[in-house]
Amino acid sequence: MDDLSALQALIGDHKAAMERYDNLPDGDVPDDIMAKILATGATLCSYRPMTIEGVHLKAGYMMTCSDFVGGEGGDPVFSHAQLVSGFLPAPTA
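Residues numbered from 1 in each chain as written. Predicted model: local features only at pLDDT ≥ 70, side-chain atom pairs only at ≥ 80, totals over all residues. Heavy atoms only, no water.

S.K.: So what exactly am I meant to see when it comes to the overall build of the protein here?
M.R.: Within the protein, the regular secondary structure consists of 5 helices and 0 strands. Secondary structure elements of the protein occur, N-terminal to C-terminal, as α-α-α-α-α. Referenced to the eigenvectors of the C-alpha coordinate spread, the extents of the protein come out at roughly 45 × 25 × 25 Å. Residues classed as buried in the protein amount to 29% of the 93 residues present. Long-range pairs, those at least 24 residues apart, make up 63% of the contacts in the protein with a sequence separation of at least 6. Summing over all exposed atoms, the protein offers an accessible surface of approximately 6000 Å²; the carbon and sulfur share of this is 58%. Here the protein contributes 5 positive and 13 negative side-chain charges, whose respective centroids are spaced 7 Å apart. (Helix = DSSP H or I, 4+ residues; strand = E, 2+ residues; numbered from the N terminus. Buried < 20%, exposed > 50% of the residue type's maximum accessible area, 1.4 Å probe, protein only. Contact = heavy atoms within 4.5 Å. Areas by Shrake-Rupley, 256 points an atom, 1.4 Å probe, with all protein chains shown as cover. Lys, Arg positive; Asp, Glu negative; His and termini not counted. Charge placed at Lys NZ, Arg CZ, Asp CG, Glu CD.)

S.K.: Would you take a moment to explain the nonpolar core for this structure?
M.R.: Soluble, globular proteins show a tendency: their nonpolar side chains are buried together. Counting 17 residues, the largest nonpolar core has L44, C45, Y61, M62, F68 and L83 as its most contacted members. Contributing elements (two or more residues each) for this core: helix 1 (3-22), helix 2 (31-46) and helix 3 (52-62). No other element matches the 6 residues that helix 1 contributes to this core. In this structure F68 touches H14, G41, L44, C45, Y61, M62, P76, F78 and L83, once residues within four positions along its chain are discounted. (Core = buried A, V, L, I, M, F, W, Y, C linked by side-chain atoms within 4.5 Å.)

S.K.: I'm lost on helix 2 in this one. Help?
M.R.: Structurally, the α-helix is built with 3.6 residues per turn, so residues lying three or four positions apart point the same way. End to end, helix 2 covers 22 Å across 16 residues, agreeing with the expected 22 Å (1.5 Å per residue, within 8%). Among the residues of helix 2, those classed as buried are I33, I37, T40, G41, L44 and C45. Viewed along the axis of helix 2, the buried residues span an arc of 140°, placing them on a single side of the element. Those residues of helix 2 that are buried are in contact with helix 1, helix 3, helix 4 (66-69) and helix 5 (80-85). (Expected span 1.5 Å × (residues − 1). Arc of directions from axis to C-beta.)

S.K.: For this particular structure, what's the right way to read the packing of aromatic side chains?
M.R.: Summed over the entire model, instances satisfying the criterion amount to 2 aromatic pairs. An angle of 70° between the planes, with centres 6.2 Å apart, marks the rings of Y61 and F68 as edge-to-face. Relative accessible area serves as the criterion here: at 10%, Y61 is assigned to the buried category. Given a relative accessible area of 4%, F68 falls into the buried group. Taking the centre distance of 5.4 Å and the plane angle of 20° together, the rings of F68 and F78 count as stacked. Taken together, the residues span a long stretch of sequence, with F68 in helix 4 and F78 in the loop between helix 4 and helix 5 at a distance of 10 residues. The pair formed by F68 and F78 is uniform in burial state, with each residue classed as buried. Counting every residue linked through ring pairs, the aromatic cluster contains Y61, F68 and F78. Geometry around F87 places K58 over its ring, the cationic atom sitting 4.5 Å from the centre. (Phe/Tyr/Trp six-rings, centres within 6.5 Å; stacked < 30°, edge-to-face > 60°. Lys NZ or Arg CZ within 6 Å of the ring centre and 35° of its normal.)

Put into C-alpha cells, the structure is as follows:
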C-alpha cells in the first residue's frame, strides 16, 4: 500500500468512528465507540507520511476534526507532542 492509500485508509477509519459518535442520540457514549475514536486517532497521529502530498492530506484532515484541534470550546483529544510527532521524519538508526 502506498503512502496516500495508507493515509486515506487511516483517515477513513477515523471519519467512520467520528460519524458513529456524531449519530448517537444525546447521552452516554458507548465505550466501544470512544475506544475506536481514540485508537484510530492515535494511529493517525503516529503515522509519518512519506511524501509531501501525504503531509498535506493528513494535515488537511486533522485541521478539520475536533479531536485534533478542539471544538466548541473543548480541548483537543491529543497533545501537541502527539500531533507534531507524526509529522517529523522517522529517526535514523
